[in-house]
Amino acid sequence: MVDITVRGEAEARYPAERAIVTLAAAVEGADKQQAYDQAVSTQQAVTAQLTELADRGAVLDWSSDQVSIATYRPWRDNGKRGEPVHRARVEIIAEFSDFTRLGGFLDYWAGRDGVEITGIVWDVLERSRRVHEAELRRAAVDDAVDRAQTYADALRRG
């Protein structure tokens, strides 16, 4: 009696159907209220454009966080602490389905003061993911059967 355990594998790449962009309105300054106001103003401009793109079908969904403020005192060359610097930041996440419009959006905002593009995640839509996963599961089973047959043939067990 011979027991052999076989595992099948399958892997595939699929074209992206959506891009999830993370960016932030981030402003630093000596005046806390001014930093806050500039971050909010930038946030409003970004979200206004996202709303327009969503109305055109280029953006599937977007969300914006609340503004956070942090204060720090940078070290100077002489080893002493400098004046307080206030950093206001608000994160925005947008899910794009139109990659041409995504390119224009990123070109516009990446060159602006007070905006940080922090990441892009490329993905497929959920309904496509389910179809692709089912295809890959079938391919993995086929791979396992082929491997098992190769072992059985090598043992002359049919």
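Up top is the structure these notes are about.
Described below are features of the structure shown in this document. (Residues numbered from 1 in each chain as written. Predicted model: local features only at pLDDT ≥ 70, side-chain atom pairs only at ≥ 80, totals over all residues. Heavy atoms only, no water.)

## A closer look at the packing of aromatic side chains
- Counting across every chain of the model gives three aromatic pairs.
- Ring centres 5.2 Å apart and planes at 50° place the aromatic pair Phe96 and Phe105 in the tilted group.
- When the ring of Tyr108 is compared with that of Trp109, the centres are 4.8 Å apart and the planes differ by 90°; the resulting orientation is edge-to-face.
- It is Arg81 that lies over the ring of Trp75; its NZ or CZ is 4.6 Å from the centre.
- One residue, Arg112, lies across the ring of Tyr108, its end atom 3.9 Å from the ring centre. (Phe/Tyr/Trp six-rings, centres within 6.5 Å; stacked < 30°, edge-to-face > 60°. Lys NZ or Arg CZ within 6 Å of the ring centre and 35° of its normal.)

## A short note on the packing of helix 1 (residues 32-55) against helix 2 (residues 99-110)
- Running from N to C, helix 1 and helix 2 point in directions that differ by 165°, and their axes come no closer than 12 Å. One way to sum up the angle between helix 1 and helix 2 is to call them roughly antiparallel. With respect to the hand of their crossing, helix 1 and helix 2 are arranged in right-handed fashion. Of helix 2, the residues touching helix 1 (which contributes Thr42, Ala45, Val46, Gln49, Leu50 and Leu53) are Arg101, Phe105, Tyr108 and Trp109.
- When the residues that make up the contact of helix 1 with helix 2 are grouped by side-chain class, the tally is seven nonpolar, two polar and one charged. (Axes fitted to C-alpha atoms, helices over the stretch in contact; angles between N-to-C directions. Helix = DSSP H or I, 4+ residues; strand = E, 2+ residues; numbered from the N terminus. Parallel < 35°, antiparallel > 145°, perpendicular 65-115°, else oblique. Left-handed = near helix turned anticlockwise from the far one by under 90°. Contact = heavy atoms within 4.5 Å. Nonpolar A, V, L, I, M, F, W, Y, C, P; charged D, E, K, R; others polar.)

## Notes on the nonpolar core
- Of all hydrophobic cores here, the largest spans 16 residues; its most connected members are Leu23, Val46, Leu50, Phe96 and Phe105.
- Counting residues per element, the ones that place at least two in this core are strand 1 (18-29), helix 1, strand 4 (85-96) and helix 2.
- In terms of residue count, helix 2 provides more of this core than any other element does, four residues in total.
- In this view, Phe96 contacts Glu17, Arg18, Ala19, Val21, Leu50, Leu53, Ala58, Val59, Arg101, Leu102 and Phe105; residues no more than four positions away in its chain are not counted. (Core = buried A, V, L, I, M, F, W, Y, C linked by side-chain atoms within 4.5 Å. Buried < 20%, exposed > 50% of the residue type's maximum accessible area, 1.4 Å probe, protein only.)

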